[in-house]
Amino acid sequence: AQSVTQLDSQVPVFEEAPVELRCNYSSSVSVYLFWYVQYPNQGLQLLLKYLSGSTLVESINGFEAEFNKSQTSFHLRKPSVHISDTAEYFCAVNGNKLVFGAGTILRVKS
Amino acid sequence: DTAVSQTPKYLVTQMGNDKSIKCEQNLGHDTMYWYKQDSKKFLKIMFSYNNKELIINETVPNRFSPKSPDKAHLNLHINSLELGDSAVYFCASSQEASGIPNEKLFFGSGTQLSVL
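Okay, so let's go over this structure. (Residues numbered from 1 in each chain as written. Chains lettered and ligands numbered in written order. Predicted model: local features only at pLDDT ≥ 70, side-chain atom pairs only at ≥ 80, totals over all residues. Heavy atoms only, no water.)

### Brief notes about the environment of A:Tyr50
In step 1: Along the chain, A:Tyr50 falls in strand S6 (residues 44-50).
In step 2: Once the C-alpha coordinates of A:Tyr50 and A:Val99 are considered, the two residues, 49 residues apart in sequence, prove to be 15 Å apart. (Helix = DSSP H or I, 4+ residues; strand = E, 2+ residues; numbered from the N terminus.)

### Describing the interface of chain A and chain B
In step 1: Across the contact, 20 residues belong to chain A and 20 residues belong to chain B.
In step 2: Sorting the residues of chain A by area buried against chain B places A:Leu44, A:Phe100 and A:Ala102 first, and these three jointly supply 27% of that buried surface.
In step 3: Where chain A packs against chain B, one counts zero salt bridges.
In step 4: Scanning the region where chain A abuts chain B turns up one residue pair in polar contact (both at pLDDT 80 or more). (Contact = heavy atoms within 4.5 Å. Buried area = accessible area lost by both parts, 1.4 Å probe. Salt bridge = Lys/Arg side-chain N within 4 Å of Asp/Glu carboxyl O. Polar contact = N/O pair within 3.5 Å; in protein donor to acceptor, adjacent residues only side chain to side chain.)

### Some points on the environment of A:Val31
In step 1: Take A:Val31: it is sitting in the loop between strand S4 (24-27) and strand S5 (32-38).
In step 2: Contact partners of A:Val31, with chain neighbours within four places excluded, come to A:Tyr25, A:Val93, A:Asn94 and A:Gly95.

### Side note on the pattern of salt bridges
Pairing between side chains of opposite charge can happen when the charged atoms of each approach one another.
All names here are of chain B.
In step 1: Applying the stated criterion across every chain yields a total of eight salt bridges over all chains.
In step 2: Ionic pairing is found between Asp 30 and Lys 71, a salt bridge with its closest N-O pair at 2.8 Å. In this pair, Asp 30 is assigned in the loop between strand S3 (19-25) and strand S4 (31-37) and Lys 71 in the loop between strand S7 (64-70) and strand S8 (73-78), connecting sequence segments 41 residues apart.
In step 3: One salt bridge connects Arg 63 with Asp 85, and the closest N-O pair in it is separated by 2.8 Å.

### Comments concerning the state of the cysteines
In step 1: Applying the stated criterion across every chain, the model contains two disulfides over all chains.
In step 2: There is a disulfide in this structure between A:Cys23 and A:Cys91, and the S-S distance comes to 2.0 Å. An S-S torsion of about -65° defines the bridge between A:Cys23 and A:Cys91 as left-handed. Of this pair, A:Cys23 sits in the loop between strand S3 (19-21) and S4 while A:Cys91 sits in strand S10 (residues 87-94), and the two are 68 residues apart along the sequence.
In step 3: For A:Cys23, a relative accessible area of 0% gives the class buried.
In step 4: The disulfide that involves B:Cys23 links it to B:Cys91, with 1.8 Å between the sulfurs. Disulfide B:Cys23 to B:Cys91: torsion about the S-S bond roughly -75°, handedness left-handed. Here B:Cys23 is found in strand S3, whereas its partner B:Cys91 is found in strand S9 (residues 87-94), with 68 residues between them in sequence. Considered together, B:Cys23 and B:Cys91 belong to a single accessibility category, that of buried residues. (Disulfide = S-S within 2.5 Å. Buried < 20%, exposed > 50% of the residue type's maximum accessible area, 1.4 Å probe, protein only.)

### Focus: the packing of aromatic side chains
In step 1: Following the criterion strictly, the structure yields twelve aromatic pairs over all chains and no others.
In step 2: Ring plane angle 90° and centroid distance 5.5 Å describe the contact between A:Phe100 and B:Tyr35, whose orientation is recorded as edge-to-face. With one member in each of two chains, A:Phe100 in strand S11 (residues 98-100) and B:Tyr35 in strand S4 form a pair that bridges those chains.
In step 3: Seen in terms of ring centroids, B:Tyr35 and B:Phe107 are 5.7 Å apart; in terms of plane orientation they differ by 50°. Their pairing is tilted. Of this pair, B:Tyr35 sits in strand S4 while B:Phe107 sits in strand S10 (residues 106-107), and the two are 72 residues apart along the sequence.
In step 4: When its relative accessible area of 9% is taken as the criterion, B:Phe107 is described as buried.
In step 5: Taken together, the ring pairs in this structure connect A:Phe34, A:Tyr36, A:Phe100, B:Tyr33, B:Tyr35, B:Phe90 and B:Phe107 into an aromatic cluster.
In step 6: For A:Lys109, the ring lying beneath its charged end belongs to A:Phe14, and the centroid distance is 4.7 Å. (Phe/Tyr/Trp six-rings, centres within 6.5 Å; stacked < 30°, edge-to-face > 60°. Lys NZ or Arg CZ within 6 Å of the ring centre and 35° of its normal.)

### Re the sheet that holds S8(B)
All names here are of chain B.
In step 1: Reading across the sheet, the four strands line up as S1-S3-S8-S7 and stay open at both edges, with antiparallel pairing between neighbours. Looking at which strands have only one partner, the edges of the open sheet turn out to be strand S1 (4-7) and S7. Neighbouring strand axes in the sheet, compared pairwise and without regard to direction, differ in orientation by 20° on average.
In step 2: Two elements, S7 and S8, share five bridges in a ladder whose sense is antiparallel. Directly across from Asp 70, in S8, lies its bridge partner His 73. (Pairing = 2+ DSSP bridges. Axes fitted to C-alpha atoms, helices over the stretch in contact; angles between N-to-C directions.)

Keep in mind that these numbers describe shape and distance, not what the molecule does.
Written out as structure tokens, the structure is:
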């Protein structure tokens, strides 16, 4: 069985500040990890994924996530957020099936 | 062009009614899915079809019946709607078959179903 926990339901942050969205998982099998983003009135879009290799993965818009096997975490970070990053972010784990977390709403304020 | 489109965007209906949600993808993908996002925002898979064949059928009441006339369409029909069916339903598609770990899902924008 797999599960995903996103510890924060909402994260408010000022523009240009750093942000971390936390994700922890549990699984009895090896997993692959994903972050999806949902902008208002849109479907989910893949932001980044970890399959193998380097534990630090990056997206094209400045987000990065690090796979930490010992802590079973895959936290999402950005050193400086923009207003346009306001969205809901979903962590997902795929061992034998894709399981999503409950989502974290990132609110970037000016 | 929208890659995965689902209609309607909003659906408000009375208990006991039967309703359908349609989904179409123009990506040429082999696999399509229906997910339910409940009030606590958890996304749970309901069904998965690969080339019109049912692959995944999670524990979903048999009032829910998916229909895939071709691999570009996966419609969801719900009979005898109940209050607990109120949720946002997302259609998705992927190139790889269900269960392959590196699958990238493309989602529709969701259908908000409200049962009164």
